[in-house]
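One letter stands for each residue in the lines below.
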Amino acid sequence: CPKCAQLKLPREAAAFCSQDCFKAAWASHKSVHTKVYSLTSQLSQEGWKYCLKKGRTRTMELPRFDWTGPLRPFPISKMRLVPDGIEKPDWALDGIPKIEPDSDLQKRVEIKTPEQIERMRETCRIAREVLDAGARIIKPGITTDEIDRVIHEETIARGGYPSPLNYHFFPKSCCTSVNEVICHGIPDARKLEDGDIVNIDVTVYYKGVHGDLNDTYFVGNVDEASKQLVRCTYECLEKAIAIVKPGVRFREVGEVISRHASMSGLSVVKSYCGHGIGELFHCAPNIPHYSRNKAVGIMKAGQTFTIEPMINTGLWRDRLWPDEWTAVTADGKRSAQFEHTLLGDGIRS
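Residues numbered from 1 in each chain as written. Predicted model: local features only at pLDDT ≥ 70, side-chain atom pairs only at ≥ 80, totals over all residues. Heavy atoms only, no water.

Student: A description of the pattern of salt bridges should follow, citing residues and the corresponding values.
Tutor: Across all of its chains, the model carries 19 salt bridges by this definition. With a closest N to O distance of 3.0 Å, Arg128 and Asp132 form a salt bridge. Of this pair, Arg128 and Asp132 both sit in helix H4 (residues 114–136), four residues apart, which is roughly one turn of that helix. A relative accessible area of 24% places Arg128 in the partly exposed class. Its salt-bridge partner being Asp215, residue Arg128 comes within 3.0 Å of it at the nearest N-O pair. (Salt bridge = Lys/Arg side-chain N within 4 Å of Asp/Glu carboxyl O. Helix = DSSP H or I, 4+ residues; strand = E, 2+ residues; numbered from the N terminus. Buried < 20%, exposed > 50% of the residue type's maximum accessible area, 1.4 Å probe, protein only.)

Listed below in structure tokens is the structure:
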């Protein structure tokens, strides 16, 4: 359908076997265009717009892009507010981290004090509660913006700040990555559909430290290939966690994950990695999830870091959407991810 192509609608609902077939279906098919125009008009009036340039720019029109799969961005709502009484990281007001980029913890791995570790445990427990609250509303017909609203409200209710909010201008309180989105998907007005998979990535800032985790969930009835992808990705994380203890080289994490993923015919994303975490959102060490990586250093008691394998059904390579946040698979096939914040002693934070 030429109009569907102009509106960048998914090919599955816009392709016809012949011109005669297209003409016969036109009377009912054309209502799809009206619904899209109606939704766009309604959302525009309510302040919903498409995101561009890492969240610094908005537009009324769907950006032009060579989309790799059937998923498309939808308009996003305005940035949610955080009450004055909540302790905030230094990027909350202007979107620019001040301490993190130049910290010496970008080059050396911090050994946390028992007091810091206890604060991180408390923050990670809150992050788990928040993630579970978001997961409970997942079902066909729910928008990822509604998930973001729940994550935001549940974080605030516990006295925390949603770390992603305005971090380098990221416009939402969590990341929601659907189907071919590898990571950093921006919650928007798209309704989840039966058969989707969706990752919710939550980080909470509380008592001066961050706690980071994510899970991938099924939406309704999911095909067997997607179930296998999600199952294998979870197993990759569990196998990586099992080797965490003092003396293990960080590079071994990638060997364990890559070995298990390849046994299932899946690929490991190389563009993103696990990271140190604590009073900084991101710091040393960097922990690649693929084999034959060049990560340096060994695990030690008192270190805190994340492991977050991203596994694809097709090629490992990724592309960025025009919002400059959303990373999608280069071939449009599905991707899954799981993440935990860990203590180098061999204990999950």
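Student: Which residues make up the environment of Pro162, and what are the values?
Tutor: Note on placement: Pro162 falls in strand E3 (residues 161–162). Here the alpha-carbon distance between Pro162 and Val82, two residues 80 residues apart in the chain, equals 9.0 Å.

Student: Provide a residue-level description of the environment of Thr57, including the pertinent values.
Tutor: In this structure, Thr57 sits in strand E2 (residues 57–59). By relative accessible area, which is 28% here, Thr57 ends up partly exposed. In the structure, Thr57 is positioned 112 residues away from Phe169 in sequence and 9.8 Å away in space, judged by C-alpha atoms. Excluding anything up to four places from it in sequence, Thr57 contacts Tyr50, Cys51 and Leu52. (Contact = heavy atoms within 4.5 Å.)

Student: Please give an account of the nonpolar core that cites residues and values.
Tutor: Counting 26 residues, the largest nonpolar core has Val253, Ile257, Met299, Phe305, Ile307 and Ile311 as the members making the most contacts within it. Taken together, the elements giving at least two residues each to this core come down to helix H6 (224–242), helix H7 (251–263) and strand E11 (304–307). Counting residues per element, this core draws most heavily on H6, at seven residues. Membership of the second largest hydrophobic core comes to 25 residues, among which are Ile126, Val130, Cys174 and Val219. (Core = buried A, V, L, I, M, F, W, Y, C linked by side-chain atoms within 4.5 Å.)

Student: Account for the sheet that holds strand E15 (residues 335–337), with residues named and values stated.
Tutor: Read across the sheet, three strands follow the order E8-E12-E15 without closing on themselves; strand pairing throughout is antiparallel. Pairing within the sheet leaves two strands with one partner each, and these edge strands are strand E8 (267–268) and E15. Across the sheet, H6 lies against strand E12 (310–312) and E15, angled at about 35° from E15, the strand it touches most. (Pairing = 2+ DSSP bridges. Axes fitted to C-alpha atoms, helices over the stretch in contact; angles between N-to-C directions.)

Student: Any details on the packing of H4 against helix H5 (residues 144–157)? Residues and values, ideally.
Tutor: Between H4 and H5, the shortest axis-to-axis distance is 9 Å and the interhelical angle comes to 150°. Put simply, H4 runs roughly antiparallel to H5. In the packing of H4 onto H5, the handedness of the crossing is right-handed. The segment H4 lies against H5, with Val130, Leu131, Ala133 and Gly134 engaging Ile147, Val150, Ile151, Glu154 and Thr155. (Parallel < 35°, antiparallel > 145°, perpendicular 65-115°, else oblique. Left-handed = near helix turned anticlockwise from the far one by under 90°.)

Student: Would you mind going over the pairing of strand E16 (residues 340–343) in detail, with residue names and values included?
Tutor: Here E16 shows no split at all, with His340 and Leu342 on one side and Thr341 and Leu343 on the other all buried. With four bridges joining them, E11 and E16 adopt antiparallel strand pairing. In the sheet register, Thr306 faces E16, and the bridge partner there is Thr341.

Student: Tell me about the side chain of Ser267, and please be specific about residues and values.
Tutor: Position of Ser267 relative to the elements: it lies in strand E8. A distance of 2.5 Å separates the side chain of Ser267 from the backbone oxygen of Gly314, its partner in a polar contact. If near-sequence neighbours (up to four positions away) are discounted, Ser267 is found in contact with Met310, Ile311, Asn312, Gly314, Leu315 and Trp316. (Polar contact = N/O pair within 3.5 Å; in protein donor to acceptor, adjacent residues only side chain to side chain.)

Student: Please give an account of the sheet that holds strand E5 (residues 181–183) that cites residues and values.
Tutor: A sheet is described by the order of its strands in space; here three strands give the open sequence E5-E14-E13, paired in antiparallel fashion. Each edge of the open sheet is held by one strand with a lone partner, namely E5 and strand E13 (318–320). For this sheet, the mean angle separating the axes of adjacent strands, direction not counted, is 40°. For E5 and strand E14 (residues 327–329), the ladder comprises two bridges, and the chain directions are antiparallel. Bridge pairing in E14 places Val181 opposite Val328.

Student: Let's hear about the packing of H6 against H7: which residues, and what values?
Tutor: At a closest axis distance of 9 Å, the pairing of H6 and H7 adopts a crossing angle of 150°. Taken together, H6 and H7 sit at an angle that is classed as roughly antiparallel. You can see that H6 and H7 cross each other, and the crossing is right-handed. Residues Cys232, Glu235, Cys236, Lys239 and Ala240 of H6 pack against Val253, Val256, Ile257, His260 and Ala261 of H7. For the contact of H6 with H7, the residue count by class is seven nonpolar, one polar and two charged. (Nonpolar A, V, L, I, M, F, W, Y, C, P; charged D, E, K, R; others polar.)

Student: I'd love a proper account of the packing of aromatic side chains, names of residues and values included.
Tutor: For the structure on display, the rule yields eight aromatic pairs. Measuring from centroid to centroid gives 5.3 Å for Trp67 and Trp321, while their planes differ by 85°, and the two rings are edge-to-face. Placement of Trp67 in the loop between E2 and H4 and of Trp321 in the loop between E13 and E14 is noted, with a sequence separation of 254 residues between them. Note on Trp67: relative accessible area 11%, which makes it buried. For the pair Tyr234 and Phe338, a centre-to-centre distance of 5.3 Å together with 75° between the ring planes defines the contact as edge-to-face. Pair noted here: Tyr234 is in helix H6 and Phe338 is in the loop between E15 and E16, with a separation of 104 residues, a long-range link. A relative accessible area of 41% means that Tyr234 is categorised as partly exposed. In textbook terms, an aromatic cluster arises when at least three aromatic residues are bridged by ring pairs, as seen for Phe65, Trp67 and Trp321. In this arrangement the basic side chain of Lys270 is found over the ring face of Tyr290, its NZ or CZ atom lying 5.6 Å from the centre. (Phe/Tyr/Trp six-rings, centres within 6.5 Å; stacked < 30°, edge-to-face > 60°. Lys NZ or Arg CZ within 6 Å of the ring centre and 35° of its normal.)

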